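So you can see what is in the structure, the chains are spelled out below.
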Amino acid sequence: PQAPPAPPAAPAEPPPAPAEPPAPPPPVAEEPKPAEPPAAAPAAASYTVKGGDSLSAIAQQTLGDGERWPEIYALNRDVIGGDPNVIHPGQELRLPGGAEPAPAPAPSPAPGAPGNAPKISQYNPDGKAQGYHNGDANCGPTSMAIIARAFGWGGGMSDAKLINHLGGIGGTSGNGTSVGGIAKMAAAAGLKAESRGPGAQVGWIAEQVRAGKMVVANGDYFEMNPHRNTGKTSGHYVAVVGIEADGTFIVNDPADLKVHRVSADELDRFIRSNPNGGYQIAVGR
């Protein structure tokens, strides 16, 4: 007889159910953030006076209007004193509200920059007692001594010795110095010279100064403020050592150390009024 069929296999055990995911941890309370400190009140703007500054120039730079200088003076009478025309390097001046703070100090000037051009008197230079001579006619070599010092040449000599040394090179006499003599002095100082004239070429002077050169300008002493005198004339050299953003020239006059800022019109008049027509000699590297 046939064997009976085998009984059906038992169904497989169902797979175990997946474990329950662990419960998330309870939220941690955030630490409260410290309150922001109140913003500090903006510091009052101030300006430190530099050599050659005036209240009108400071007002133009910081307020955008040179005519607002009386506001600066009113805030600083205790610092300046009774004469608003007399301020001194290093004085700290408060500025009216809305003024821009003074910019950070500029880096030290490079050789040939206006800040390196000293004021030297042709009449009373340092070292005068050591045999200095021909002071009345030494405007040419003194102008070149100013420029030579600005470019780092002439160390080891007093101002008086440097002037007489350059005057000897350029053939300076009791009648003064020729344009060619200025060029010879420049060459002795390792500098190049290029001249224009006769006649004033103030635009060319501006180009040369902006290019990093300095200019010896030959004009009429009595056409330069503050010693202008239209009844007199005398040939004279000055050193044009810089130019400001508004076109005002920075001038070192060896006969009058009070001369500093000269307008383009005034420099043009100074050169044109020279009895010999006037010249300008650019000096630099």
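Residues numbered from 1 in each chain as written. Predicted model: local features only at pLDDT ≥ 70, side-chain atom pairs only at ≥ 80, totals over all residues. Heavy atoms only, no water.

To continue, consider the pattern of salt bridges. Should the charged atoms of two oppositely charged side chains come close, the side chains can pair. Tallying each qualifying case throughout the model produces nine salt bridges. Between Arg94 and Asp78 there is a salt bridge whose closest N-O contact spans 3.3 Å. Here Asp78 lies in helix α3 (residues 77–80) and Arg94 lies in strand β2 (residues 92–94), a separation of 16 residues in the sequence. Two residues, Asp268 and Arg272, come together in a salt bridge whose shortest N-O distance is 2.5 Å. Taken together, the residues span about one helical turn, with Asp268 and Arg272 both in helix α8 (residues 264–272) at a distance of four residues. Within this structure, Glu223, Arg228 and Arg269 form a network of salt bridges that share partners. (Salt bridge = Lys/Arg side-chain N within 4 Å of Asp/Glu carboxyl O. Helix = DSSP H or I, 4+ residues; strand = E, 2+ residues; numbered from the N terminus.)

What follows covers the sheet that holds strand β8 (residues 279–284). Read across the sheet, six strands follow the order β3-β8-β4-β5-β6-β7 without closing on themselves; strand pairing throughout is antiparallel. Across the chains shown, the open sheet's two edge strands, defined by having one partner strand only, are β3 (192–196) and β7 (261–262). Pairing of strand β6 (residues 249–252) with β7, which is carried by two bridges, proceeds in the antiparallel orientation. Bridging across to β7, Ile250 finds its partner in Arg261. Helix α6 (residues 179–188) contacts β3, β4 (214–220), β5 (235–243) and β8 of the sheet and is inclined by roughly 5° relative to β8. Contacts from helix α7 (residues 202–210) reach β3, β4, β5, β6 and β8, with the element oriented near 50° to β5. (Pairing = 2+ DSSP bridges. Contact = heavy atoms within 4.5 Å. Axes fitted to C-alpha atoms, helices over the stretch in contact; angles between N-to-C directions.)

Neither face of β6 is left uncovered, since the one carrying Phe249 and Val251 and the one carrying Ile250 and Asn252 both have all their residues buried. Across four bridges, the pairing between β5 and β6 is antiparallel. Following the sheet pairing, Gly242 is matched in β6 by Ile250. (Buried < 20%, exposed > 50% of the residue type's maximum accessible area, 1.4 Å probe, protein only.)

Another aspect to go through is the side chain of Asn164. Assignment of secondary structure puts Asn164 in helix α5 (residues 159–170). Classification of Asn164 as buried rests on a relative accessible area of 18%. Separated by 3.1 Å, the side chain of Asn164 and the backbone oxygen of His133 make a polar contact. Those residues in contact with Asn164, other than ones at most four positions away along the chain, are Gly131, Tyr132, His133 and Asn138. (Polar contact = N/O pair within 3.5 Å; in protein donor to acceptor, adjacent residues only side chain to side chain.)

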